[in-house]
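Next come the chains, spelled out residue by residue.
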Amino acid sequence: MANNVRPETMERITTPALAQAFIDEQIAEVRAQVGNKKVLLALSGGVDSSVVAALLIKAIGKQLVCVHVNHGLMRKDESENVIKLFQDELDANLIYVDATDRFLDLLAGVSDPEQKRKIIGKEFIEVFADEARKLEGVEFLAQGTIYPDILESIKQAEGKKAVKSHHNVGGLPEDLQFALVEPLKLLFKDEVRVVGEALGLPHAMVYRQPFPGPGLGVRCLGAITRDRLHALREADAILREEFANNGLAEQVWQYFIVVPDIKSVGVKDESRYEGWPAIIRAVNTTDAMSATIEEIPYAVLHKITARITAEVEGINRVLYDLTPKPVGTIEWE
Ligand code: XMP
């Protein structure tokens, strides 16, 4: 436990030079820890696992085996981008698993949010474990644990109740026990980003907005269907494109689309057109415990509305959620 406590004397990593010193130190530590053994990493493409991957590629090259599980609930082009960056550009040892059907079949007809989270978390472990069992010589598991995760688990151990089961991905099965490699475990998020940039990861990846583990699964409200999930993914891609084009991507902490399982009557090409509403959520926060609503210029909202209703099959309205947290949580489920 002692090495899970950030020493008071530890300097905050705020500059490329400090990041480089941290990287050099971690490379030496990891090499000493793992020797010539293989290290497994679940690479989601989020900031933390990506920075761990980039660091370990520098430290141990192909001894690192990255597994990217596409649970079918990724944003548009997300898995493709992970493959492009890590396999094509960084020459990582990357196993890509498209488990879309496994996840969506299990989720069919399940509408309870916590049940959905549990299914996604459990299946994720199973898919990952299936891949791990196929490999030989793996003795270590790398994880993108960061200091707030450690602080959060201390809080939970003290019996404080969480509103939602965010960190619901349990441990691996008994037959797959590895020693952990957690090079970022004493860093805060801002430090992880500085380290990521020093490792040469693209700015957009290092500063990307948070994305929940269950992905679009908690934004396609209620029982997920493939057509509504597809509409959500397309609408979300348009929102992100317009936020980027209008300078909002750097200004807003988290922004996304939610598509509820309700239909309203609309009109398209002079005939009745029933469709789902796309709900925009765009919030600012420092710690996700509370959040305020971003005032998006009307012109941008009009453009997003026009594009989504014209380009996305099945959506006939666009709404803007003005609810701060509290009283609404950031995600709808
Ligand atoms: P809420 O909805 O509780 O969200 O206001 C606060 C932050 O946590 C993210 N979030 C999750 N992250 N698994 C995750 O990894 C989850 O199940 C989950 N639910 C919410 C949310 O996107 C926001 O940044």
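Check the entry above for the structure.
A brief look at the structure comes next. (Residues numbered from 1 in each chain as written. Predicted model: local features only at pLDDT ≥ 70, side-chain atom pairs only at ≥ 80, totals over all residues. Heavy atoms only, no water.)

Here's the deal with the pairing of strand 4 (residues 138–142)
- In terms of burial, strand 4 is a largely internal element, four of the five residues being buried.
- Here strand 1 (residues 38–42) runs beside strand 4; their pairing, made up of four bridges, is parallel. Opposite Val 39, over in strand 4, you have Phe 140 as the bridge partner.
- Pairing geometry for strand 4 and strand 5 (residues 179–181), over three bridges, is parallel. Within the sheet, the bridge partner assigned to Leu 141 lies in strand 5 and is Leu 180. (Buried < 20%, exposed > 50% of the residue type's maximum accessible area, 1.4 Å probe, protein only. Helix = DSSP H or I, 4+ residues; strand = E, 2+ residues; numbered from the N terminus. Pairing = 2+ DSSP bridges.)

Quick notes on the sheet that holds strand 4
- Judged by pairing direction, the sheet is parallel, and its five strands sit side by side in the order 3-2-1-4-5 without closing on themselves. Each edge of the open sheet carries a strand with a single partner, namely strand 3 (93–98) and strand 5. Within this sheet the neighbouring strands show an average axis-to-axis angle of 30°, counted without direction.
- Packing of helix 1 (residues 16–34) onto the sheet brings it into contact with strand 1, strand 4 and strand 5, and relative to strand 5 it is tilted by some 165°.
- Across the sheet, helix 3 (residues 78–89) touches strand 2 (64–70) and strand 3, and the angle it forms with strand 3 is around 165°. (Axes fitted to C-alpha atoms, helices over the stretch in contact; angles between N-to-C directions. Contact = heavy atoms within 4.5 Å.)

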